[in-house]
Amino acid sequence: MGRFARRQRADLAPGPGLPGSARARARRPGSPRPRLLRPVPALAAALAGMLALGVLGIAVLGVGGPAAASASPPASASPSASAPSGGLSFGRIILPDLLIVAPRGLTRQQETRLAAIAGVRNMISFDGARITVGGQQVNAIGVNPATFRSWVPVRTASDQAIWTALGQGGFVAADNVASTLALKPGVSYRLTGAGADRLRFGSPARLAMNGVDLIVNQDVSARLGLVHQVAALISAPGVAMATLTRAVSAILGPSGQMESLRSQQLASAAAPRASAAAGAGGTGTGGAAPGSGGSGGAGPGAAGSTASRGLPTTYLQLFQESAARYCPGLSWTVLAAIGQIESADGTNVGPSSAGALGPMQFLPSTWAVWGIDGFGLTGTPDVLNPYDAVPAAARLLCADGAARGGAALSAAIFGYNHAGWYVREVLQLAAAYAEEFPR
């Protein structure tokens, strides 16, 4: 099977260090089954609302990353290109097309069949239940933080404190929930589902996830007895939604629930494209129109040109505005595809075997030259922060002539990762996203 058809299967495995029988042990005989977050249709709507806030994105670029710079960049501050020592690194951005909910949890056979649907590129499942904290019921989900981070809204993914706390076995809560429950960072609290555990509260967070109050990791989820794999996200770029939902429905049966995320992303796409084009004075979302030959994104003032307009709130906006402002003429779909195409086997969540880091998988030597503070941010450019990494990728591509399109675009992509298959897959996936998210 070609690399373009590879799917992320690590997402489907139990969390690190979780024995195969741990989930059976976690729920004591005779203990009550935890309640679902909400009645199933409402859960689907809540999770769909969560994802509509910000999940345009795509998956991993494993080994290799951007090659050494081929054009001279402007001078910049010395960027940081090291993975955080206290938490999980961030190596992917994934665009989900469909949310599915299985009231009794997905079986392994169902997961295998779902992942095998033609055109499904990535899939991730997670746990969920209504539990009690401080005498109050909250909606909790249990995730593998190393992989789930790739599917959440950009502002949530960019908050390293969230993922550090989860990686260390603590829990995080939405800021309004933390305030209501008077949770104090560093203090341990008793969480009760079908099982119970005392966990250290990491910090309040802007989760931007409607219907989700609290997040724990997979090991904790097993101890609390959350409903195992009650929901899943599927990414299938280029597959007609009717075709996808028909195939999924045949596997889930009548009890399964589905919610299209693609239509909600389409509805939010027009305004960001218009504002990005106006702010940049260029086409931004077009891939065929000639650009400035690299001058649009490489100038010393480019990084601060959007400071007064705030940060993009969705990955769709981030890709669109990064292309429009840092490389006018480059299609945002190329940036999205570069984030998606994996150079390894889809298992990288941190440094690749070549040392590449972050959601756009920059080699430290390349990041030291091209890393910037995107969208008017200040401080040391962070290779793990999508607000820095995506604009930096646009600048690098632009300096190599990507905005001119055609052969120049292909050459710029080859400069990003020296492999012919990689160029072909990026262009193929970019075309699929252009069809899925038309102008």
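Everything numeric here is computed off the predicted structure, so don't read it as measured data.

Criteria and thresholds
- Residues numbered from 1 in each chain as written.
- Predicted model: local features only at pLDDT ≥ 70, side-chain atom pairs only at ≥ 80, totals over all residues.
- Heavy atoms only, no water.
- Helix = DSSP H or I, 4+ residues; strand = E, 2+ residues; numbered from the N terminus.
- Areas by Shrake-Rupley, 256 points an atom, 1.4 Å probe, with all protein chains shown as cover.
- Disulfide = S-S within 2.5 Å.
- Buried < 20%, exposed > 50% of the residue type's maximum accessible area, 1.4 Å probe, protein only.
- Polar contact = N/O pair within 3.5 Å; in protein donor to acceptor, adjacent residues only side chain to side chain.
- Salt bridge = Lys/Arg side-chain N within 4 Å of Asp/Glu carboxyl O.
- Pairing = 2+ DSSP bridges.
- Arc of directions from axis to C-beta.
- Contact = heavy atoms within 4.5 Å.
- Core = buried A, V, L, I, M, F, W, Y, C linked by side-chain atoms within 4.5 Å.
- Axes fitted to C-alpha atoms, helices over the stretch in contact; angles between N-to-C directions.
- Parallel < 35°, antiparallel > 145°, perpendicular 65-115°, else oblique.
- Left-handed = near helix turned anticlockwise from the far one by under 90°.
- Nonpolar A, V, L, I, M, F, W, Y, C, P; charged D, E, K, R; others polar.

Quick look at the overall build of the chain now. The helix and strand tally for the chain stands at 18 helices and 9 strands. If you sum the accessible surface of the chain, you get close to 15600 Å²; carbon and sulfur atoms cover 54% of it.

Bringing the state of the cysteines into the picture now. Under the counting rule described, the total for this entry stands at 1 disulfide. Here Cys-327 engages in a disulfide with Cys-398; their sulfurs sit 2.3 Å apart. The sign of the S-S torsion, about 85°, decides the handedness of the disulfide formed by Cys-327 and Cys-398: right-handed. Residue Cys-327 is found in the loop between α13 (315-326) and α14 (332-340), and its partner Cys-398 is found in helix α16 (residues 386-399); the two are separated by 71 residues along the sequence. The buried category is assigned to Cys-327, whose relative accessible area is 0%. You can call Cys-398 buried: its relative accessible area is 0%.

With respect to the helices, strands and loops of the structure, Tyr-326 is situated in helix α13. Given the relative accessible area of 0%, Tyr-326 is considered buried. In this structure, the C-alpha to C-alpha distance between Tyr-326 and Leu-396, residues 70 residues apart in sequence, is 9.4 Å. Here Phe-375 takes part through its backbone nitrogen, which lies 2.7 Å from a polar atom of the side chain of Tyr-326.

What follows deals with the pattern of salt bridges. Scanning all chains against the criterion turns up 2 salt bridges. Its salt-bridge partner being Arg-223, residue Asp-197 comes within 2.6 Å of it at the nearest N-O pair. On the criterion of sequence distance, the pair formed by Asp-197 in strand β6 (residues 196-205) and Arg-223 in helix α8 (residues 218-224) is long-range, its members being 26 residues apart. Where Glu-321 meets Arg-325, a salt bridge forms, and the shortest distance between an N and an O atom there is 3.0 Å.

Looking now at unusual backbone geometry. The phi dihedral of Gln-229 falls on the positive side, at around 50°, and the residue is not glycine. Examined against the element boundaries, Gln-229 turns out to sit in strand β8 (residues 227-235). Even without being glycine, Gln-361 reaches a positive phi, approximately 50°. Checked against the element boundaries, Gln-361 lands in the loop between α14 and α15 (364-370). A residue is classified by how much of its surface remains accessible, and Gln-361, at 0% relative accessible area, is buried.

The subject of this paragraph is the pairing of β6. As paired strands, strand β4 (residues 171-174) and β6 are joined by 3 bridges and run parallel to one another. When the sheet's bridge partners are listed, Phe-171 is paired in β6 with Phe-201. Where strand β5 (residues 188-192) meets β6, 5 bridges bridge the pair, whose relative direction is antiparallel. Residue pairing for β6: Tyr-189 is matched across the bridge by Leu-199. Between β5 and the antiparallel strand that follows it, β6, lie 3 residues.

A few words now on helix α17 (residues 406-416). Listing the buried residues of α17 in full gives Ala-408, Leu-409, Ala-412, Ile-413, Gly-415 and Tyr-416. Angular distribution of buried residues about the axis of α17 spans 155°; they occupy a single face of the element. Among the exposed residues of α17, those oriented more than 90 degrees off its buried face are Gly-406 and Ala-407. Residues of α17 that are buried make contact with α14, α16 and α18 (420-436).

Our next topic: the nonpolar core. Counting residues in each nonpolar core, the largest one holds 97 residues, and the members touching the most others are Ile-131 and Leu-191. With 9 residues, α16 is the single largest residue contributor to this core. Every residue in contact with Ile-131, bar those within four places of it in the chain, is listed here: Gln-136, Gln-137, Val-138, Ala-140, Leu-191, Thr-192, Gly-193, Leu-214, Leu-224 and Leu-226. Counting residues in hydrophobic clusters, the runner-up holds 17 residues, among them Ile-100, Ile-117, Ile-234 and Leu-244.

Moving on: the packing of α14 against α18. Running from N to C, α14 and α18 cross one another at 125°; their axes reach a closest spacing of 8 Å. The angle between α14 and α18 falls in the class oblique. Crossing angle aside, the handedness with which α14 passes α18 is right-handed. Contacts from Thr-333, Val-334, Ala-337, Ile-338 and Gln-340 of α14 reach α18 at Tyr-422, Val-426, Leu-429, Ala-430, Tyr-433 and Ala-434. Considering only residue class, the contact of α14 with α18 consists of 9 nonpolar, 2 polar and no charged.

That's the geometry; what it means functionally is another story.
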